[in-house]
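Fold and contact review
Single-letter residue listing:
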Amino acid sequence: MARKRLPAAGEEAVHFEGEYRIKAPQDRIYSVLVEPQRVVRYLPDVEVMTLETIDADTVRGKVKTGISFLKGIFSVEAKIVERVPPRHARMKVHSQGMGSTFDIETTMDLKADGPETRVGWAADVATRGTVASIGARLLPRIVEKKTKDFLEALRADLEGGGHASKRRKATR
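Given the structure is predicted, the values throughout are model-derived calculations rather than measurements.

**Notes on the overall build of the chain**
- Looking only at helices and strands, one finds 5 helices and 8 strands in the chain.
- For the chain, buried positions account for 42% of its 172 residues.
- A sequence separation of at least 24 residues applies to 51% of the contacts in the chain between residues at least 6 apart.

**Re the pattern of salt bridges**
- Within the structure shown, the criterion is met by 12 salt bridges.
- Here Arg21 makes a salt bridge to Asp113, at a shortest N to O gap of 2.7 Å. Of the two residues, Arg21 is situated in strand β2 (residues 11–22) and Asp113 in strand β7 (residues 100–113); the sequence distance between them amounts to 92 residues.
- The class of Arg21 is partly exposed, set by a relative accessible area of 32%.
- The exposure class assigned to Asp113 is partly exposed, which follows from its relative accessible area of 30%.
- The residue Asp149 makes a salt bridge to Lys145 at a minimum N-O spacing of 2.8 Å. Taken as a pair, Asp149 and Lys145 lie in helix α4 (residues 139–160) at a separation of 4 residues, close to a single helical turn.

**Thoughts on α4**
- Compared with the 32 Å implied by 1.5 Å per residue over 22 residues, the 31 Å span of α4 between its first and last C-alpha is a close match.
- Turning to α4, its buried residues number three or more, namely Leu139, Ile142, Val143, Thr147, Phe150, Leu151, Ala153, Leu154, Arg155, Asp157 and Leu158.

**Focus: the nonpolar core**
- Counting residues in hydrophobic clusters, the biggest one holds 40 residues, and the most contacted among them are Tyr20, Ile29, Leu33 and Leu154.
- Counting only elements with at least two residues in this core, the list comes to β2, α1 (26–33), β4 (58–67), β5 (70–84), β6 (88–97), β7, β8 (116–129) and α4.
- For this core, the element with the most residues is α4, which contributes 8 residues.
- Those residues in contact with Tyr20 that sit more than four places away from it in its chain are Leu33, Thr117, Arg118, Val119, Trp121, Leu151, Leu154 and Arg155.

**Description of the packing of α1 against α4**
- Running from amino to carboxyl end, α1 crosses α4 at an angle of 130°, the nearest separation of the two axes being 12 Å. Looking at the two axes, α1 sits oblique to α4. Crossing of α1 over α4 shows right-handed handedness. Counted together, Arg28, Ile29, Val32 and Leu33 of α1 and Phe150, Leu154, Asp157 and Leu158 of α4 form the full contact between these two elements.

**As for empty space enclosed by the protein**
- Scanning all chains against the criterion turns up 1 cavity of 30 Å³ or more.
- Estimates place the volume of the largest cavity at around 1100 Å³.
- Around the largest cavity sit 35 residues that line it, and Val39, Leu43, Val46, Val93 and Ile104 are the ones nearest its centre.
- At 7 residues, α4 tops the list of elements feeding residues into the lining of the largest cavity.
- In the lining of the largest cavity, the residues fall into 29 nonpolar, 5 polar and 1 charged.

Thresholds applied
Residues numbered from 1 in each chain as written. Predicted model: local features only at pLDDT ≥ 70, side-chain atom pairs only at ≥ 80, totals over all residues. Heavy atoms only, no water. Helix = DSSP H or I, 4+ residues; strand = E, 2+ residues; numbered from the N terminus. Buried < 20%, exposed > 50% of the residue type's maximum accessible area, 1.4 Å probe, protein only. Contact = heavy atoms within 4.5 Å. Salt bridge = Lys/Arg side-chain N within 4 Å of Asp/Glu carboxyl O. Expected span 1.5 Å × (residues − 1). Core = buried A, V, L, I, M, F, W, Y, C linked by side-chain atoms within 4.5 Å. Axes fitted to C-alpha atoms, helices over the stretch in contact; angles between N-to-C directions. Parallel < 35°, antiparallel > 145°, perpendicular 65-115°, else oblique. Left-handed = near helix turned anticlockwise from the far one by under 90°. 1 Å grid on protein atoms, 1.4 Å probe; cavity = no way out; pocket = protein on both sides within 12 Å on 5 of 7 lines; lining within 4 Å. Points joined across faces, edges and corners; volume = space filled by probe spheres on them. Nonpolar A, V, L, I, M, F, W, Y, C, P; charged D, E, K, R; others polar.

Quick look at the structure:
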């Protein structure tokens with residue numbers, strides 16, 4: 001699922017991709033995935049401190065999260081840079097905190113397949129700073145686990161009628 005791309009100087013960069021299926025209509029899944037205010041509910045180990053909608057495609061805020069033993073507060077800006085409803089979206093995320101910077105570009109491609117929707121996704125993650133130097137070896141495993149947790153929460157919510165995100169939100 002993970003493979004390295006050629007990093008810039010002082011940067012660690014990894015490419016991730018995969019596919020999953022959800023028993024829900026394509027347009028319903030798409031509407032969740034292109035709304036950052038909703039997506040954040042499914043992110044594992046993320047406590048939203050502030051989240052402000054800048055425009056229809058951009059949110060900015062502060063979150064408390066971590067990678068392995070590195071935990072702290074990060075500023076984050078997420079922007080949807082491409083939409084082809086209900087089939088495709090591309091998002092860029094920039095985050096800074098604890099002497100580290102993350103730049104993530106992710107794409108999602110959805111296709112109806114009977115009662116299910118296939119969701120293909122890819123993400124390029126570039127890190128600089130403390131996380132790049134300390135956590136680079138751990139990054140692929142951590143991203144894979146957090147991605148799996150995110151997808152399971154999303155699947156449980158969309159297939160189960162909205163209960164998973166309410167439970168997750170209440171525990172934060």
